[in-house]
Amino acid sequence: MANHKSSVKRVRQTKARTLRNRYAAKTMRNALKKIRTSEDRDEVKELFPKVCSMLDKLAKKNVIHKNKAGNLKSKIAKRVNAMSV
């Protein structure tokens with residue numbers, strides 16, 4: 001166990017951040033899965049901006065790397081464009 005007041009606080013903060021980040025990352029993965037598996041063109045077009053926004057926010061908060069966010073957005077954009085043709 002931590003010996004200093006500051007390290008005890010750090011443990012508390014890390015635990016809270018981990019839970020918050022884990023929730024955000026799981027939500028992101030579920031949204032991506034929904035886009036990848038959906039066959040409904042309208043639903044995918046509606047979800048795309050929301051998921052892109054979510055990815056940008058997570059990258060900004062350092063939950064995921066900015067390049068990973070860009071790669072994921074590129075992949076789902078490719079899927080959305082393929083569906084609309």
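Preceding this section is the structure that the text describes.
The notes below deal with the structure included here. Note that the coordinates shown come from a computational prediction; the quantities given were computed from them, not determined experimentally.

1. What about the overall build of the chain?
Per the secondary structure count, the chain includes 3 helices and 0 strands. Order of helices (α) and strands (β) in the chain, N terminus to C terminus: α-α-α. The globule rule puts the C-alpha radius of gyration for 85 residues at 12 Å, and the 17 Å found for the chain is more than 25% above it. In terms of principal-axis extent, the alpha carbons of the chain reach across some 60 × 20 × 15 Å. A burial count over the chain gives 24% of its 85 residues as buried.

2. Some thoughts on helix α3 (residues 66–84)
Helix length check: α3 (19 residues) gives 27 Å between terminal C-alpha atoms against 27 Å at 1.5 Å per residue, within 8%. If you follow the buried residues of α3, they end up packed against α1 (5–37) and α2 (41–60).

3. Some thoughts on unusual backbone geometry
Not every positive phi belongs to a glycine, and Asn62 is a case in point at roughly 65 degrees. As for its placement among the helices and strands, Asn62 is situated in the loop between α2 and α3.

4. As for the layout of surface pockets
Once rolled over the atoms, a probe with the size of a water molecule shows which space is left empty. In this structure, the largest pocket occupies an estimated 200 Å³ of space. Surrounding the largest pocket, Arg17, Arg20, Asn21, Ala24, Met54, Lys57, Leu58, Lys61 and Val63 form its lining. Residue assignment for the lining of the largest pocket shows that the elements contributing at least two residues are α1 and α2. No other element matches the 4 residues that α1 contributes to the lining of the largest pocket.

Rules of the game
- Residues numbered from 1 in each chain as written.
- Predicted model: local features only at pLDDT ≥ 70, side-chain atom pairs only at ≥ 80, totals over all residues.
- Heavy atoms only, no water.
- Helix = DSSP H or I, 4+ residues; strand = E, 2+ residues; numbered from the N terminus.
- Rg over C-alpha atoms; globule rule 2.2 N^0.38 Å.
- Buried < 20%, exposed > 50% of the residue type's maximum accessible area, 1.4 Å probe, protein only.
- Expected span 1.5 Å × (residues − 1).
- Contact = heavy atoms within 4.5 Å.
- 1 Å grid on protein atoms, 1.4 Å probe; cavity = no way out; pocket = protein on both sides within 12 Å on 5 of 7 lines; lining within 4 Å.
- Points joined across faces, edges and corners; volume = space filled by probe spheres on them.

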